[in-house]
Structure formats: C-alpha cells, structure tokens
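# An overview of the molecular structure
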Amino acid sequence: MAENGNKRKLYLVESNSTTYVVGQTSGNLSMNDELLNSSDKMDEWERYISGQKAWSASVTLNLSNNANDKQVAFIKALVAGTPVNIFVGELKNDKQRDGVAGSAMVASVEDTFDKGALAARTVNLTGNGQ
C-alpha cells in the first residue's frame, strides 16, 4: 500500500483523556514474532513455529509554541517506566480512524538539541500486550 508517510502518525494518548501529543517529525512501529526452531536432525532445512509476539515503537516530536498546556504537561511527564496508550494511524476531528491502538511502557526518552535545528524528544516504547 503506497501512502504518504505524513498521513499516518504515532500518537501518544493520555490515559482517560483525549489529549494527543502532536508535533511528530518521525515515528515507527515494529511488530515481531519470536520464531522457534522446530526442526530435528533429520531435517535438511530448518523449520519454525510461531512463538511469543512483541512490538516496539518510537516517535520523535517537538511541540510548537501553539501546543496547549495539557500537551506540554503530558510530554514533560513521560519518563522511563511510564505507561501510555498509543494510536498509530489517522485522526479526523480528534477521532481515531484507520489505524491500530495499544498500550505500552516508555522504555527511554532521548532529548536532542543540535545546533541549527529544533530541539526534539524521542520516546521509545515497548508494547504491553496487543
């Protein structure tokens, strides 16, 4: 499916609220399956079966001066170990549309402040179930 990357975004969603953190410059979602080798000594080729599934994501963002106070407070509160909800897809009138949602734990937070560039924050997430 060819689609402009600007259409889909990874949104961090404040629990029990509809506060979405905006200002994303890049993001990714990786879904994995721990494949288990089930071949025996008689097999010429390795064979695998599906094992435990996992996912991770990251989002790099910067809040513009137009960000509201709730968005700023939410992003400042994100530290390693913080549980968050995420949505990957499109928003239309602040409603989730065409995407996937889940819960995650913040694995790490990285701030970058390169000369001649906007300061940005990257939030790395580890999925918590589906």
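First, a word on what this report is: a plain description of the structure on this page. Everything numeric in this text was worked out from a predicted model, so none of it was measured.

### Re the packing of aromatic side chains
The full count for this structure, using the stated rule, is one aromatic pair. When the centroid spacing of 6.3 Å and the interplanar angle of 25 degrees are considered together, the rings of Y11 and F87 count as stacked. Here Y11, found in strand β1 (residues 9-13), pairs with F87, found in strand β6 (residues 83-92); they are 76 residues apart in sequence, far enough to count as distant. For the residue pair Y11 and F87, the accessibility class agrees, reading buried in each case.

### Section: the pattern of salt bridges
Tallied over the entire structure, the rule returns four salt bridges. Across the pair D43 and R47 runs a salt bridge whose closest N-O atoms are separated by 2.7 Å. Residue R121 pairs with D111 through a salt bridge whose shortest N-O separation is 2.6 Å. Taken together, the positions of R121 in strand β8 (residues 120-127) and D111 in strand β7 (residues 95-112) put the pair 10 residues apart, joining distant regions of the chain.

### Remarks on helix α1 (residues 69-77)
Along α1, the residues classified as buried are Q71, F74 and I75. Projected down its long axis, α1 carries its buried residues within an arc of 95 degrees, all on one side. Turned more than 90 degrees away from the buried face of α1, the exposed residues are D69 and K76. The secondary structure elements touched by the buried residues of α1 are β1, β5 (53-61), β6 and β8.

### Overview of the sheet that holds β7
What the six strands build is an open sheet, ordered β1-β6-β7-β8-β5-β2; its pairing is antiparallel. Either end of the sheet is taken by a strand with one partner, and the two such strands are β1 and β2 (24-33). Between one strand axis and the next, the sheet turns by 35 degrees as a mean value, whatever way the strands run. Sheet topology places β7 next to β8; eight bridges connect them, and they run antiparallel. Note that in β8 the partner of S108 across the bridge is N124.

### Describing the nonpolar core
Counting 17 residues, the largest nonpolar core has L10, L12, L78, V84, I86, V123 and L125 as the members making the most contacts within it. At the level of elements, β1, β5, α1, β6, β7 and β8 are the ones that each hand at least two residues to this core. For this core, the element with the highest residue contribution is β5, accounting for four residues. What L10 contacts, discounting residues up to four positions off in sequence, is Q24, N28, A57, S58, V59, I86, F87, V88 and L125.

### Structural notes on the pairing of β5
The sheet contact formed by β2 and β5 spans nine bridges and is antiparallel. Its bridge partner lying in β5, G27 is registered against V59. In this structure, β5 lies alongside β8, joined through six bridges in antiparallel fashion. Considered in β8, the bridge of V59 is made with V123.

Analysis parameters
Residues numbered from 1 in each chain as written. Predicted model: local features only at pLDDT ≥ 70, side-chain atom pairs only at ≥ 80, totals over all residues. Heavy atoms only, no water. Phe/Tyr/Trp six-rings, centres within 6.5 Å; stacked < 30°, edge-to-face > 60°. Helix = DSSP H or I, 4+ residues; strand = E, 2+ residues; numbered from the N terminus. Buried < 20%, exposed > 50% of the residue type's maximum accessible area, 1.4 Å probe, protein only. Salt bridge = Lys/Arg side-chain N within 4 Å of Asp/Glu carboxyl O. Arc of directions from axis to C-beta. Contact = heavy atoms within 4.5 Å. Pairing = 2+ DSSP bridges. Axes fitted to C-alpha atoms, helices over the stretch in contact; angles between N-to-C directions. Core = buried A, V, L, I, M, F, W, Y, C linked by side-chain atoms within 4.5 Å.

Keep in mind these numbers describe shape, not what the thing actually does.
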